[in-house]
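Secondary and tertiary structure notes
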Amino acid sequence: MNNKGNSSISAIILMMLIMLLIILPIVSMVFENYYISIITREVVDASYSAMTSSFDNINIGISTRNRLSYSFDIEENFLEFLKINLNLSKDFETSNQRFKELEIIEFTNLYLGEADEINGSVARRDTIHILMRIKFESMFLMLSSSEERIVNIHFDYEVPIDN
Amino acid sequence: MEISNIITFFIVLILILFIFVVMINFIIPFKFKSDFDDISSSYHNLVQLEGGMDDDIRLEFENELLNLGMDEIVIDCKSVDEVRYGEKFVLYVSAIMEVKTPNKYLIFEKKKEKLEFRRVSFSKKLVN
């Protein structure tokens with residue numbers, strides 16, 4: 001009876017250890033990735049919307065004669081609209097702690113007058129290249145070595161000009 | 001089958017069920033947020049093309065959010081008559097959702113959470 005009792009207790013302890021060390025970490029990782037994917041999708045949607053609005057806000061017909069002059073306007077507009085869309089402060093700080101930090105790493109015009117191949121695709125018209133970095137506070141630290149998760153968002157947006 | 005094995009089986013089953021319920025209840029609020037964002041985004045595109053929000057779109061939008069289980073819905077957007085072509089306008093939507101989530105002592109309690117959606121647009125429809 002004593003042996004049977006011991007084996008039941010050891011079975012329960014073993015199952016609990018399996019849950020704590022294997023099942024819980026896996027479920028937590030899945031949950032964390034799901035949360036990050038939702039917030040990332042929200043940022044991407046807000047960015048596309050901000051980018052579309054940026055082009056609507058400038059007079060492209062006049063600006064196309066001087067490419068460099070409108071790049072600046074687009075970036076200013078884009079940042080302004082992105083802050084409104086995501087409800088961010090002037091310093092890109094969030095009010096409701098969805099993510100830790102958002103920063104724009106690159107904002108450039110890929111097309112410089114000639115057809116240019118970038119990462120396998122050819123830019124034949126003015127294309128704005130944006131690289132953003134979102135930092136999340138890691139919710140589950142047991143499996144990750146760092147305290148934050150970093151997601152890079154990259155998209156190229158072709159300037160809608162009818163030429 | 002021995003009684004000790006049955007007890008062990010049930011304890012393990014209860015633990016697995018508990019973890020499952022806790023995880024599902026953590027995920028549900030985010031599922032709501034994802035659905036809320038998807039619906040709001042599709043109406044934002046519509047409003048942008050229509051050049052403002054008319055009463056039919058507002059009612060349809062509100063009904064979709066109500067069907068999702070949202071309360072205290074606020075939709076703030078200029079109407080079609082108010083927005084000129086190329087004019088800037090903002091679509092703001094907020095709603096309250098009520099979900100049961102576990103607190104830090106893993107006790108389930110009802111919690112109200114506010115969801116917000118805000119997008120800047122420029123009217124693309126020539127109406128006036």
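Structure: above.
Read on for a plain summary of the structure. (Residues numbered from 1 in each chain as written. Chains lettered and ligands numbered in written order. Predicted model: local features only at pLDDT ≥ 70, side-chain atom pairs only at ≥ 80, totals over all residues. Heavy atoms only, no water.)

**Some remarks on the interface of chain A and chain B**
Counting from both sides, the interface comprises 29 residues of chain A and, opposite them, 29 residues of chain B. Buried area between chain A and chain B, both sides added, is near 2,700 Å², and the carbon and sulfur share of it is 66%. Among the residues chain A hides against chain B, the three largest losses belong to Met19(A), Phe31(A) and Tyr34(A). Together they make up 19% of the total. The interface formed by chain A and chain B holds four salt bridges in total. Among the salt bridges present, the one from Arg119(B) reaches Asp45(A), with a minimum N-O distance of 3.0 Å. Seen at the junction of chain A and chain B, the total is eight residue pairs in polar contact (both at pLDDT 80 or more). Taken together, the elements giving at least two residues each to the side of chain A that touches chain B come down to helix H1 (2–56) and helix H3 (67–86) of chain A. If one sorts the elements of the side of chain A that touches chain B by residue count, H1(A) sits on top with 23 residues. (Contact = heavy atoms within 4.5 Å. Buried area = accessible area lost by both parts, 1.4 Å probe. Salt bridge = Lys/Arg side-chain N within 4 Å of Asp/Glu carboxyl O. Polar contact = N/O pair within 3.5 Å; in protein donor to acceptor, adjacent residues only side chain to side chain. Helix = DSSP H or I, 4+ residues; strand = E, 2+ residues; numbered from the N terminus.)

**Side note on the layout of surface pockets**
Residue and element names in this part refer to chain A. In this model, the second largest pocket occupies a volume close to 220 Å³. Those elements that place two or more of their residues in the lining of the second largest pocket are H1 and strand S4 (127–137). Counted by class, the lining of the second largest pocket contains five nonpolar, three polar and four charged residues. (1 Å grid on protein atoms, 1.4 Å probe; cavity = no way out; pocket = protein on both sides within 12 Å on 5 of 7 lines; lining within 4 Å. Points joined across faces, edges and corners; volume = space filled by probe spheres on them. Nonpolar A, V, L, I, M, F, W, Y, C, P; charged D, E, K, R; others polar.)

**Quick word on the nonpolar core**
Membership of the largest hydrophobic core comes to 33 residues, with the highest contact counts inside it found for Val43(A), Met51(A), Leu82(A) and Leu102(A). Of all elements in the fold, only H1, H3, strand S1 (101–109), S4 and strand S5 (148–158) of chain A together with strand S3 (108–122) of chain B reach the threshold of two or more residues within this core. Top element by residues in this core is H1(A). It accounts for 10 residues. (Core = buried A, V, L, I, M, F, W, Y, C linked by side-chain atoms within 4.5 Å. Buried < 20%, exposed > 50% of the residue type's maximum accessible area, 1.4 Å probe, protein only.)

**With respect to the sheet that holds S1(A)**
Residues and elements named next belong to chain A. Across the sheet, which stays open at both edges, the three strands sit in the order S1-S4-S5 with antiparallel pairing between neighbours. Only two strands of the sheet have a single partner each, and these edge strands are S1 and S5. Mean inter-strand twist for the sheet, computed between neighbouring axes without regard to direction, equals 15 degrees. Pairing analysis gives eight bridges linking S1 to S4, with the strands arranged antiparallel. Looking across to S4, one finds that Leu102 is bridged to Ile134. (Pairing = 2+ DSSP bridges. Axes fitted to C-alpha atoms, helices over the stretch in contact; angles between N-to-C directions.)

Structural measurements only, silent on function.
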